[in-house]
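Given next are the chains, with one letter for each unit.
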Amino acid sequence: MSRGTLTYKILQQHLVAGQLLPGERATVRIDQTLTQDSTGTMVYLQLEAMDVGAVQTELSVAYIDHNTLQSGFENADDHAFIQSVAARHNVVFSKPGGGICHQLHLENYGCPGKTLLGSDSHTPTGGGLGMIAIGAGGLDVAIAMAEGNYTLTVPQVVGIELRGVLRSWVSAKDVILEVLRQLSVKGGVGRIVEYYGDGLLGLSVTDRATIANMGAELGATTSVFPSDENTRRFLEQQGRGGDWRPLAADPDALYDQSLSIDLAALAPAAACPHSPDNIRSVSDIGEIKVDQVAIGSCTNASYSDLMKVAAILAGRRVHPQVSLVIAPGSASILAVLAANGALAGMIKAGARIIECACGPCIGMGQSPRSGAVSLRTFNRNFKGRSGTNDADVYLVSPETAAISAITGVLTDGLASHHRLGIELPNIAEPSAGSFQGAGAFTVAPPALAAAGIDAAAAPGQAAGLPEVVMGPNIKPFPRGVAVPPGSAISGSVVLVCGDNITTDDIMPSDSRLLPFRSNIPHLAEYCFEKIDPGFPARAAAARDGEVAGGVIVGGDNYGQGSSREHAALVPLYLGIRMVLAKSFARIHRANLINSGILPLVFAEPRDAEAVREGDILMLDDAAAQLGGGDEADLRLHNQTQGTEYRLCGQLSFEERQMILAGGRINMIQQAAKSR
Ligand code: MIC
Ligand code: SF4
């Protein structure tokens, strides 16, 4: 069992209730929260529904980075809505164009030893600065803002020792790809990954952030690095040296699982289509022809990443058959690249520079052509996420991306015949004040106290607070129904699917759909569209039919990937009452429960194979079964086949109450009424 780990030290300092024992539920104080626009509209609708005043965290920031295209009024309306609610609750607002939330948070607010909860699955990026930074569903983040706390299942701690020094052309991305190769997209479930060892000396904060960022692809709760001299240097470069404090695990720390990686032995690698853990070395894959190269995202758009790219591109031309796009991680980085000439070099080489935002990573433009090979420095290559269903997306480091953009084929920079003789510059982060305009993208809220408003006594509706600005595209979010005593939770099976279903599969997100993140009825028409386009109609028919509900049956790791609550709210809107699977991804499971949808795991995995589409499933007397406390004994009866399955919910007492209330907001409102 873990002892003396940095993870538990930070959690212990924030413990509000419960015990730090793996598998137990514990409540921790949350110092900071972040939201982004695509999940943020739901977060702020929910925050408003809770009728609270100023946030209870030390700092909460609302970033706009996912959809910044404003291809219609919908998107701009969402931004205005978020800005107006942020001002009402003392949340800092970061305007579109400022950069990607995780990069910006690292630069401006991340702080060793603090806790951060974000409505985006890549929030763990903050672990590069020694934070416990966790991604969660929007409602969990709204509640953390309102109450200052978050309850989690205490994870085990995996210790990864990094030894030695990376060779040139091999970088942080190759390290996390190696971890993914060893552990897979399920290897981090129920775990926090903690890094240590002499190899850290050669890894800057932004390198560490790349590794922590893609720890999300392991399914891990988060990843964390010690805070050392490299951390101090980064914070000093950001003008925040005062935020530094040293942090490390005890020298004799004990981990639940340990790995050791020799950095010098790593070679450039790629995650092959269509999963981030489908890892091969670049030399092994060979020189496949490349059509598109995209550099950016919260994984690899730091200043040092882009300076390496600039050095590789300098004085060269992008291959005529390749489209190279570059999206810098933040406006400050872009400004420094412009000031030091690197940007001009990239443009001269033929790169297309796009806005400092998520952009192609979330399918907002730059979809590759049909059947294309696209190399991306991003973190997810799920089928279709790029916007082109038959494209093959490979995830690579910035170095591999840049050299391949020149040669036109996937290129191993280490291979001697491709040596371009580049000395990578000794890179320092842009120093604070190097771009004074960066602050122009951040809007501080009116201080409630300074405005003479007592936030606690006069919550949301307090006179003098800015109005909520709500455009016509913003629709109310769906609410579950309470389960009356004696009645069943029932539904007919509308979909049976396989392992590793992602939230992109459940609720796709691209330039067509992102403008509708605050319009659940519209999104519902596209639910599961890539897997089974008939799903929305069948689910709606089951919802409106005699059984009045639907059931989804999945395999292992159901709901991996994004934190998007829409993957629960849209099925809720379509009448889904239960999801049965062999196992669930952490954030999605929490989102289902918050929405009032019951996630259950088959006690006998082979029962999952016996269920057929159209079967009617009943959890009889659900209140009694869920109230009983022994969740291992839930009995689900298949009325169509005349059989019964044993399922376990592994639901805490509070989670069972949420299901019976028809979701967490209902539960909160009931509790408020009975006070
Ligand atoms: C993603 O990378 O999938 C996203 C888009 O950032 C999501 C959030 C979303 O779906 O809005 C995430 O990772 O949580
Ligand atoms: Fe944005 Fe992509 Fe990072 Fe998600 S993974 S936050 S879409 S850059």
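See the structure printed just above.
Residues numbered from 1 in each chain as written. Chains lettered and ligands numbered in written order. Predicted model: local features only at pLDDT ≥ 70, side-chain atom pairs only at ≥ 80, totals over all residues. Heavy atoms only, no water.

### Re the packing of helix 10 (residues 303-313) against helix 13 (residues 398-407)
Let me state the cut-off plainly: Inter-axis angles, ranging from 0 to 180 degrees, are taken between N-to-C directions of lines fitted to C-alpha atoms, where helices are fitted over the stretch in contact. Helix and strand definitions follow DSSP, with helices as H or I runs of at least four residues and strands as E runs of at least two, each counted in order from the N terminus. Note that the term roughly parallel is reserved for angles under 35 degrees, roughly antiparallel for angles over 145, roughly perpendicular for angles of 65 to 115, and oblique for everything else. Handedness of a crossing follows from how the near helix is turned relative to the far one, being left-handed for an anticlockwise turn of less than a right angle and right-handed for a clockwise one. Only heavy atoms matter for contacts: two residues are in contact if any of them lie within 4.5 Å across the pair. For this classification, the nonpolar set comprises Ala, Val, Leu, Ile, Met, Phe, Trp, Tyr, Cys and Pro, the charged set comprises Asp, Glu, Lys and Arg, and every other residue, Gly included, is treated as polar.
Two elements in contact, helix 10 and helix 13, have axes whose closest approach is 9 Å; the angle formed by their N-to-C orientations is 25°. Classed by the angle they form, the pair helix 10 and helix 13 counts as roughly parallel. Read as a crossing pair, helix 10 and helix 13 show a hand that is right-handed. Contact residues: Asp305, Lys308, Val309, Ile312 and Leu313 in helix 10; Pro398, Glu399, Ala402, Ile403 and Ile406 in helix 13. A class-by-class count of the residues in the contact of helix 10 with helix 13 yields seven nonpolar, no polar and three charged.

### Observations regarding unusual backbone geometry
For the peptide bond that leads from Pro273 to His274, omega is -5°, which places it in the cis range. Looking at where His274 falls in the secondary structure, it is placed in the loop between strand 13 (269-271) and strand 14 (279-281). Residue Trp169 is not a glycine yet carries a positive backbone phi of 75°. Tracing the backbone shows Trp169 in the loop between strand 9 (156-163) and helix 6 (172-183). Located in the positive-phi region is Ser184, a residue other than glycine, with phi close to 75°. Position of Ser184 relative to the elements: it lies in the loop between helix 6 and strand 10 (191-196).

### Here's the deal with the pairing of strand 2 (residues 25-29)
Where we set the bar: Two strands are said to pair when DSSP picks up at least two bridges between them.
Where strand 1 (residues 15-18) meets strand 2, three bridges bridge the pair, whose relative direction is antiparallel. Each bridged residue has a counterpart across the sheet, and for Ala17 the counterpart in strand 2 is Thr27. From the end of strand 1 to the start of strand 2, which pair antiparallel, there are six residues, and Gly23 there has a positive phi angle of about 95°.

### Some thoughts on helix 12 (residues 342-349)
Note the following rule: Buried residues are those whose accessible area, probed at 1.4 Å on protein chains only, stays under 20% of the maximum for their type, while exposed residues exceed 50% and partly exposed ones sit between those limits. Within this analysis, the arc is defined by the directions that extend from the helix axis to the C-beta atoms.
Inspection of helix 12 places Ala342, Leu343, Met346 and Ala349 among the buried residues, and these make up the whole buried set. End-on view of helix 12: buried residues confined to an arc of 125°, all on one side of the axis. For helix 12, the elements touching its buried residues are helix 10, strand 16 (323-326), helix 11 (331-339) and strand 17 (352-353). With its phi angle positive at about 110°, Gly350 sits one or two positions after the end of helix 12.

### Thoughts on the pattern of salt bridges
Condition: Whenever Lys or Arg places a side-chain nitrogen within 4 Å of a carboxyl oxygen from Asp or Glu, that contact is recorded as a salt bridge.
For the structure shown, the criterion picks out 28 salt bridges. Residue Arg664 is joined to Asp140 by a salt bridge in which the shortest nitrogen-to-oxygen separation is 2.6 Å. Here Asp140 lies in helix 5 (residues 138-147) and Arg664 lies in helix 22 (residues 664-673), a separation of 524 residues in the sequence. Note on accessibility: Arg664 and Asp140 belong to one class, buried. Between Glu609 and Lys582 there is a salt bridge, with its nearest N and O atoms 2.8 Å apart. Of this pair, Glu609 sits in helix 19 (residues 605-610) while Lys582 sits in the loop between strand 23 (576-581) and helix 18 (586-595); the two residues are 27 residues apart in sequence, bridging distant segments of the chain. By sharing partners, the salt bridges in this structure join Arg25, Arg589 and Glu655 into a single network.

### Quick word on the sheet that holds strand 8 (residues 149-153)
Taken together, the three strands give an open sheet; going across it, the order is 1-2-8, and neighbouring strands pair in antiparallel fashion. Either end of the sheet is taken by a strand with one partner, and the two such strands are strand 1 and strand 8. Mean inter-strand twist for the sheet, computed between neighbouring axes without regard to direction, equals 25°. In this structure, strand 2 lies alongside strand 8, joined through five bridges in antiparallel fashion. Residue pairing in the sheet places Val28 in a bridge with Tyr150 of strand 8.

### Thoughts on the site of ligand 1
Using the following cut-off: Throughout, near means a residue has at least one heavy atom within 4 Å of the molecule or strand. Polar contact criterion, stated in full: a pair of N or O atoms within 3.5 Å, where within protein one must be able to donate a hydrogen and the other to accept it, and residues adjacent in sequence count only if both atoms are side-chain atoms.
Close to ligand 1 lie 14 residues, the nearest being Ser38, His66, Asp120, Ser121 and Arg564. Between ligand 1 and the protein, one listed contact pairs an oxygen atom with a side-chain N or O atom of His66 at 2.7 Å. In this structure, an oxygen atom belonging to ligand 1 sits 2.8 Å away from a side-chain N or O atom of Arg385.

### As for the pairing of strand 24 (residues 598-602)
Side-chain positions along a regular strand alternate between the two faces of the sheet. The element strand 24 is largely enclosed, with a buried count of five among its five residues. Taking every second residue as pointing to the same face, both faces of strand 24 are buried, with Leu598, Leu600 and Phe602 on one and Pro599 and Val601 on the other. Relative to strand 24, strand 23 is paired through four bridges, and the arrangement is parallel. Looking across to strand 24, one finds that Leu580 is bridged to Leu600.

### A word on the environment of Gly534
Relative to the elements of secondary structure, Gly534 occurs in the loop between helix 15 (520-524) and helix 16 (535-544). In this structure the C-alpha to C-alpha distance between Gly534 and Asn638, which are 104 residues apart in sequence, comes to 23 Å.

### Focus: the side chain of Asn75
By the element assignment, Asn75 lies in helix 3 (residues 73-88). Among the residues examined, Asn75 registers a relative accessible area of 2% and is labelled buried. A polar contact is formed between the side chain of Asn75 and the backbone nitrogen of Leu69, at a distance of 3.5 Å. Only 2.8 Å separates the side chain of Asn75 from the backbone nitrogen of Gln70, close enough to count as a polar contact. Setting aside its immediate chain neighbours within four residues, Asn75 contacts Asn67, Thr68, Leu69 and Gln70.

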